Amino acid sequence: MKARIKITLKNGVLDPQGKAIANALGALGFDGVDGVRQGKYIELELSESDPKRAEAEVKAMCEQLLANTVIENYQFELEPA
Amino acid sequence: MKARIKITLKNGVLDPQGKAIANALGALGFDGVDGVRQGKYIELELSESDPKRAEAEVKAMCEQLLANTVIENYQFELEPA
Amino acid sequence: MKSSVIVFPGSNCDRDVAVSLEQLTGHAPAMVWHGEAVVPDSDLIVLPGGFSYGDYLRSGAMAAHSPIMTDIIAKARAGVAVLGICNGFQVLTETRLLPGILMRNASLKFICRDVLLRVERDDTIFTNHYTKGDVIRIPVAHHDGNYFSDDDTIRALEDEGRVVLRYCDADGTIGEDSNPNGSRANIAGVIDKTGRILGLMPHPERLADEALGGTDGAPMFRSLLEALH
Amino acid sequence: MASGSPAVAHVTPDLAAEHGLSSEEYAHLLDILGRAPSLTELGIFSVMWSEHCSYKSSKVWLRLLPTEGPRVIQGPGENAGVVDLGDGDAAIFKMESHNHPSFIEPYQGAATGVGGIMRDVFTMGARPVANLNALRFGEPDHPKTRHLVSGVVAGIGGYGNCIGVPTVGGEVNFDEGYNTNILVNAMCVGLARTDRIFYAAAKGTGHSVVYVGSKTGRDGIHGATMASAEFNDDTEEKRPTVQVGDPFTEKLLVEACLELMATDAIIAIQDMGAAGLTCSCIEMADKGGVGIDLDLDAVPTREQGMSAYDMMLSESQERMLMVLTPGAEEIARAVFTKWGLDFAIVGITTDTGRLVARHKGETKVDVPIDVLANSAPEYKRPWVLPEPPEAIDPSDVAPPESIEAALEAMIGSPHLCSRAWVWEQYDHMVMADTLVRPGGDAAVVRIHGTNKGLAATADVTPRYCAADPREGGKQAVAEVWRNLTATGAEPIAITDCLNFGNPERPEIMGQFVGCIEGMVEACNTLDFPVVSGNVSLYNETNGQAIPPTPAIGGIGLIPDITQIARIAPTAPDQNLVLIGPERGHLGQSLYMQIVLDAKLGAPPPVDLEAEKRAGDLVRSLIREDGVAAVHDISDGGLLIALCEMALAGNIGIELAPYQGNLPLHAVLFGEDQGRYIVAVDGDGQDILTRASESGLPARLLGRTGGDAITMGDESVFPLARLRELHEGWLPEHMRTI
Ligand SMILES: Nc1ncnc2c1ncn2[C@@H]1O[C@H](COP(=O)(O)OP(=O)(O)O)[C@@H](O)[C@H]1O
Ligand SMILES: [Mg+2]
């Protein structure tokens, strides 16, 4: 299976990268940008083919390594190979 | 509108972060991971409400700044506010 | 020799390279703010090290769109010499004045230490005071110094002799052990087709003064002086 | 959130307790205001009277520290200490802890620690030129340790590297006592001109109070977030209390502040650190003897619907508060706008002596500044100092199986191995003035554009402090003094970061008192005043306190950078001379800990008079160009120091056979204090004479040469093997993360 994981900063956590991108877009003349948040996107190829087990596995990976749950949220989708 | 942008490395481009994550997952005992690719995920709040114009705008932002098209692909979705 | 050092928000080796330029060429460079529209008349434009725009998004990506860059690109195309050191190299790849990209170090760690480099070309305006095959010691300090290009580009670089510096060991051997960041073909510095634009990850300005423990960086500045007086 | 004027309040004694105020403290507060506080006011009192801001448990003891000296321009009490380096140059420096945040989120906790201490330094007009860090982690194999080490080191590098200030020194300890309470202490040293130093005193009324830097968010709002949640109707996810550092913005802030400081626009300036806007307003107003009226509607915010409480207590990073000279507002605005930073006039100084804050047409705060600033409780908490342990005779300490085995175990141990894995992640050369890089006794940076150097180091030996706080406190100061001296510097002054457990426990308070007393003695004898510092208490979990850890950071002056000593011998056939006593003191030594798995006995005593004589001698030798290399002897003793020299110089050492009466392992691994190894080109005889004239023991140890450390015919330690052990452990240990 394939897992597509989005990791985003929690609400209220400062996002220096997002802030800088917003400024840079403004400087490039894109002026309709009201906010930018930058996160991570991770794709995993899993050998597991059972959706239930894959889900549990990916959740554990996010909690233990992929996301820093003190400041980040995560969200993922699974897709059969 | 909201734009959700995924930026991923092109095939064949080395991904040191993905490789390191794969190793770390292995070390943590997750052994069914056949591949990891790390990319970026960017959320934009746009004041534009016309989907066509928003699409053109986001495309331009990706081409000019958000992605380096030498090594990266991008993909995005728009969502009405 | 008239030179200009471009100062981006977040540049932090601008002063260091200005000191070396002044000490070794006898001419103090103009310090040019990124928001300016034109670079003053210069024989050499230096894009210094640092973290322009915090290196957020991608190293060098936002600086590549700074107002001053339009003029720099035009001047570079017209033959003005351009030297990009570390972050400056990253800016040059982002503007496509040089091919490839500097990715996160293979170790994923920032790395700051002296490395050994083999000089591959001594016939450029940047390196004519070295001798081909010299092994020199110069520090690196970067998080994103892992040079990457596709196979075709690497082959073209090699065929055209555009790799100017490579990470090596003490006897000049090129190998994985002496590669600090995972760069393809141990590439530390590349030059453009015209031979007027050089980007390199190591910092020659950091070992160009005996008090700092070495002077292997100094010949680069002397080369430029001789070529551009 | 609380609404209404200060007079209307939901504040109850229970809520006050949740804000950490004792019932006496709350009664005192009621007394001061003559009414119940508003929620925002409660928050303000609670942070101002917190241990962190008020030093209520430590203040009485800190007063004992000597803080004056001929070179001291500003001692404790300002954002950082200031000392005179001659020729109009001043050094401004301080050390601070960021322990708890770094345990919760190591990367951001450490990064914001670096950001905070740098702001303390450039607030006063200095350009930061050197960062140091003193780190204590739990046992290497504790399940959390690798993650913490890797995150903390990356965070320190991430911040300092981006700003472009070299991180040139520090120390790293591993001990089970830090398993659940790591220590991250960051030090910053800056350079200024003596006639352009900026202070916090907001003198004069009717002046604009200006906010610059980043916008205010709800991050880091004082432990009271929990309490205030009860007042919060919206059911949003619980706000994280971790702050994220933005080094790019801080870099812009440094440049913008220094640019404005070159004009005469600034009357007073103060960074917003702990307790943010509250603390900076109160300190500036109190020092200037004025009041401040704040218009919270003008504060740049990053989130919707922020209350007065949120704005007054937010600890968002990368922000400063300034009071400007009349008419300078537009000059200042232009500078900060050029650098892309927020700039807002948020208030005015008044003659009321009160801090008044209005928000959306309501007065949310109206409190007397003088009382708020100076009425914090002050406690002389009960303390006990246990009897110091007995000294152990060297001959009662078991010898190792072999010297080789002991050396191998020690040099490749977490305690003595190379820290290169750490400092290679720090840009230690940016600014192109680093003359002595990490790996020596103290780092040296050139004072830009001059022929002078500034040496800096940070040290403490917690196991000594745990065994005998007085001796340990003395030793920490002495070791700093010694490390500076070993480069040829004249030690000038220190900063400290006093990390201890819960001061309400008498034995912890005893450790604190003992360490302070030891520090006082050493500072006095060595003419080494304390000019700034920080106290971090309550470093404990489930009643398990950290070892007492008074980290000391010191700086010294090198008048001529052609006369610097480094630890690396420069050629073969240089003679090595030991200066200082050989008593074979093994109590609390690393030999005992690593080889015998014990932590017994008294720590090595520090003879401060002898320390001073030895240091003064070594410094004069360096300045007479009489030496090729110098290294002091500390953790691990003589043989470890010799190995460090050999490895640094990549040259072997042939040691003469030891002829004295002490057991060999005590000679080689004893941690007697006040000692240096000096390498010289000549035969070393004149040094022996000079030492004896100073009343100091000294002897020839051997000479440099070959590619091994040899001792007579008995033992040979090839350098290559030593290097593998010394440099291998940390990278290998961290590889598996
Ligand atoms: N966290 C750190 N950051 C930078 N340098 C460090 C750090 N820890 C140790 N070092 C450097 O490693 C060297 C050895 O440290 P240490 O054993 O504490 O020295 P000493 O015994 O002389 O005090 C010193 O140069 C010190 O500055
Ligand atoms: Mg030392």
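Note that this is a predicted model, so its numbers are computed, not measured. (Residues numbered from 1 in each chain as written. Chains lettered and ligands numbered in written order. Predicted model: local features only at pLDDT ≥ 70, side-chain atom pairs only at ≥ 80, totals over all residues. Heavy atoms only, no water.)

J.: I'd like to hear about the overall build of chain A, residue by residue, with values.
T.: On a plain count of helices and strands, chain A comes out with 2 helices and 3 strands. The secondary structure elements of chain A, listed N-terminal to C-terminal, are β-α-β-α-β. Based on the C-alpha atoms only, the size of chain A along its principal axes is roughly 45 × 25 × 15 Å. With 81 residues in all, chain A has 48% of them scored as buried. Taking the intrachain contacts of chain A between residues at least 6 apart in sequence as the baseline, contacts between residues at least 24 apart amount to 70%. (Helix = DSSP H or I, 4+ residues; strand = E, 2+ residues; numbered from the N terminus. Buried < 20%, exposed > 50% of the residue type's maximum accessible area, 1.4 Å probe, protein only. Contact = heavy atoms within 4.5 Å.)

J.: Kindly report on the pairing of strand β21 (residues 549-558) of chain D, identifying the contributing residues and their values.
T.: All names here are of chain D. Most of β21 is tucked away: 10 of the 10 residues are buried. Every second residue of β21 is oriented toward a common face, with Thr549, Ala551, Gly553, Ile555 and Leu557 on one face and Pro550, Ile552, Gly554, Gly556 and Ile558 on the other, all of them buried. Direction of pairing for strand β16 (residues 453-459) relative to β21: antiparallel, over a ladder of 7 bridges. The residue bridging Ala455 from the neighbouring strand is Gly556, located in β21. When strand β17 (residues 490-499) meets β21, the two strands line up antiparallel, connected through 9 bridges. Counterpart to Cys497 in the pairing with β21 is Ala551. (Pairing = 2+ DSSP bridges.)

J.: Explain the site of ligand 1 to me, using residue names and the numbers behind them.
T.: Residues and elements named next belong to chain D. Around ligand 1, a shell composed of 19 residues is seen, among which Asn133, Gly439, Gly440, Asp459 and Ser634 lie nearest. Within the side chain of Asn133, one N or O atom sits 2.7 Å away from a nitrogen atom of ligand 1. Between Asp459 and ligand 1, the recorded distance is 2.5 Å, taken from a side-chain N or O atom to an oxygen atom. Starting from 550 Å² of accessible surface for ligand 1 in isolation, the protein chains cover 85%. Only β4 (127-137), β5 (167-174), α16 (420-423) and α18 (469-485) provide two or more residues apiece to the shell around ligand 1. Taken together, the residues of the shell around ligand 1 sort by class into 6 nonpolar, 7 polar and 6 charged. (Near = heavy atom within 4 Å. Polar contact = N/O pair within 3.5 Å; in protein donor to acceptor, adjacent residues only side chain to side chain. Areas by Shrake-Rupley, 256 points an atom, 1.4 Å probe, with all protein chains shown as cover. Nonpolar A, V, L, I, M, F, W, Y, C, P; charged D, E, K, R; others polar.)

J.: Summarise the relation of the copies chain B and chain A; cite the residues concerned and give the values.
T.: After a rotation of 180° and a shift along the axis of 0.0 Å, chain B superposes on chain A with an RMSD of 0.2 Å. Accordingly, the operation relating the two chain copies is best matched by a two-fold axis. Closest to the rotation axis within chain B is the C-alpha of Lys40(B), separated from it by 2.2 Å. Mapped onto chain A, 100% of the interface residues of chain B are again interface residues, and the two copies thus contact each other with one and the same surface. (Least-squares fit on C-alpha atoms with pLDDT ≥ 70 in both.)

J.: Could you give me a rundown of the packing of aromatic side chains, with the residues and numbers involved?
T.: Inspection of the entire model under this criterion finds 12 aromatic pairs over all chains. Measuring from ring centre to ring centre gives 5.8 Å for Tyr53(C) and Phe248(D), while their planes differ by 40°; the resulting arrangement is tilted. Within this pair, whereas Tyr53(C) is found in the loop between β3 (44-47) and α2 (68-77), its partner Phe248(D) is found in helix α10 (residues 247-261), the two belonging to separate chains. Each ring, one from Phe174(D) and one from Trp729(D), has its centre 5.9 Å from the other, and the planes form 75°; the classification is edge-to-face. Remark: Trp729(D) occurs in helix α25 (residues 719-735) and Phe174(D) occurs in strand β5; sequence separation between them is 555 residues. The class for Phe174(D) is buried, based on a relative accessible area of 5%. (Phe/Tyr/Trp six-rings, centres within 6.5 Å; stacked < 30°, edge-to-face > 60°.)

J.: Requested: an account of the packing of helix α1 (residues 14-25) of chain C against helix α5 (residues 218-228) of chain C, with residues and values cited.
T.: Residues and elements named next belong to chain C. Close contact between α1 and α5 brings their axes to 9 Å; oriented N to C, the two are set at 60°. Here α1 is positioned oblique relative to α5, judged by the angle of their axes. You can see that α1 and α5 cross each other, and the crossing is right-handed. Contacts between α1 and α5 involve Val17, Ser20, Leu21, Leu24 and Thr25 from the first element and Ala218, Phe221, Arg222 and Leu225 from the second. (Axes fitted to C-alpha atoms, helices over the stretch in contact; angles between N-to-C directions. Parallel < 35°, antiparallel > 145°, perpendicular 65-115°, else oblique. Left-handed = near helix turned anticlockwise from the far one by under 90°.)

J.: Would you mind going over the environment of Asn131(D) in detail, with residue names and values included?
T.: Residues and elements named next belong to chain D. For Asn131, the location among the structural elements is in strand β4. Using a relative accessible area of 3% as the deciding quantity, one classes Asn131 as buried. Remark: the alpha-carbon pair of Asn131 and Leu608, spanning 477 residues in sequence, is separated by 28 Å. Those residues in contact with Asn131, other than ones at most four positions away along the chain, are Val114, Met118, Gly160, Val165, Pro166, Thr167, Val168, Gly169, Met187 and Cys188.

J.: Now, about the side chain of Thr25(C): what can you tell me, with residues and values included?
T.: Residues and elements named next belong to chain C. Within the secondary structure, Thr25 is located in helix α1. Side-chain polar atoms of Thr25 contact the backbone oxygen of Leu21, separated by 2.5 Å. Within the structure, the side chain of Thr25 is placed 3.2 Å from the backbone nitrogen of His27, a separation counted as a polar contact. With sequence-adjacent residues up to four places away left out, Thr25 is seen in contact with Met1, Ser20, Phe221 and Leu225.

J.: Could you give an account of the interface of chain B and chain A, naming the residues involved and the relevant values?
T.: Taken together, the contact between chain B and chain A spans 30 residues of the former and 30 residues of the latter. The largest share of the area that chain B buries against chain A comes from Lys6(B), Phe30(B) and Tyr41(B), three residues that together contribute 21% of it. On inspection of chain B and its partner chain A, the count reaches 10 residue pairs in polar contact (both at pLDDT 80 or more). Listed by contribution, the elements that provide at least two residues to the side of chain B that touches chain A are β1 (2-9), α1 (16-27), β2 (33-46) and α2 (51-66) of chain B. Residues that form the side of chain B that touches chain A fall into these classes: 15 nonpolar, 7 polar and 8 charged. Both strand β2 (residues 33-46) of chain A and β2(B) contribute to a ladder of 13 bridges, which runs antiparallel. Paired with Val36(A) across the strands is Leu44(B), a residue of β2(B). (Buried area = accessible area lost by both parts, 1.4 Å probe.)

J.: Before we move on, could you go through the interface of chain D and chain C and cite the residues and values that matter?
T.: Listed per partner, the contact involves 29 residues of chain D and 27 residues of chain C. For the chain D and chain C pair, buried surface summed over both sides reaches about 2,300 Å², with 59% attributable to carbon and sulfur atoms. Of all residues in chain D, the largest losses of buried area upon contact with chain C belong to Phe248(D), Glu424(D) and Met429(D), amounting jointly to 23% of the total for that side. At the boundary of chain D and chain C, one finds 5 salt bridges. Of all the secondary structure elements, the ones that give two or more residues to the side of chain D that touches chain C are α8 (145-163), α10 and β14 (434-436) of chain D. (Salt bridge = Lys/Arg side-chain N within 4 Å of Asp/Glu carboxyl O.)

J.: Could you give me a rundown of the packing of helix α15 (residues 403-411) of chain D against α25(D), with the residues and numbers involved?
T.: Residue and element names in this part refer to chain D. Packing of α15 against α25 brings their axes to within 8 Å, and their N-to-C directions diverge by 40°. Here α25 runs oblique to α15, going by the angle between their axes. Between α15 and α25, the contacting residues are Leu407, Glu408 and Ile411 on the first element and Arg721, Leu722, Leu725 and His726 on the second. A class-by-class count of the residues in the contact of α15 with α25 yields 4 nonpolar, 1 polar and 2 charged.

J.: Mind laying out α1(C), listing which residues take part and the relevant values?
T.: Residues and elements named next belong to chain C. Here α1 is 12 residues long and its end C-alpha atoms lie 16 Å apart, about the 16 Å a rise of 1.5 Å per residue gives. All buried positions along α1 are accounted for by Asp14, Asp16, Val17, Ala18, Ser20, Leu21, Leu24 and Thr25. Among the structural elements, β1 (3-7), β2 (30-33), β3, β4 (81-85) and α5 are those in contact with the buried residues of α1. Downstream of α1 by one or two residues, Gly26 has phi in the positive range, about 80°. (Expected span 1.5 Å × (residues − 1).)

J.: Any chance you could break down helix α19 (residues 506-526) of chain D for me, citing the residues and the numbers?
T.: Residue and element names in this part refer to chain D. With 21 residues, α19 extends 30 Å from end C-alpha to end C-alpha; this agrees with the ideal 30 Å at 1.5 Å per step. For α19, the tally of buried residues reaches 15 of 21 residues, placing the bulk of the element in the interior. The positive-phi residue at the C-terminal boundary of α19 is Asp527, with phi of around 50°.

J.: Outline the sheet that holds strand β1 (residues 2-9) of chain A, listing residues and values.
T.: Spatially, β3(A)-β1(A)-β2(A)-β2(B)-β1(B)-β3(B) is the arrangement adopted by the 6 strands of the open sheet, whose pairing is antiparallel. In the strand order of this sheet, the two ends are held by β3 (72-79) of chain A together with β3 (72-79) of chain B, each with one partner. Each strand of the sheet is rotated relative to its neighbour by a mean of 20°, with strand direction disregarded. Across the sheet, helix α2 (residues 51-66) of chain A lies against β1, β2 and β3 of chain A together with β2 of chain B, angled at about 155° from β3(A), the strand it touches most. On the sheet, α1(B) packs against β2 of chain A together with β2 of chain B and is oriented at approximately 125° with respect to β2(B).

J.: Lay out the confidence of the model for chain D in plain terms, naming residues and giving numbers.
T.: Residues and elements named next belong to chain D. Of all residues in chain D, 96% have pLDDT values of 70 or greater, and the mean over the chain is 93. Low pLDDT (under 50) marks residues 1-8, which in the prediction has 29 contacts with non-local residues, meaning those over four places away or in another chain. Prediction confidence for the complex, expressed as pTM and ipTM, is 0.95 and 0.94 respectively. (pLDDT = per-residue confidence, 0-100.)

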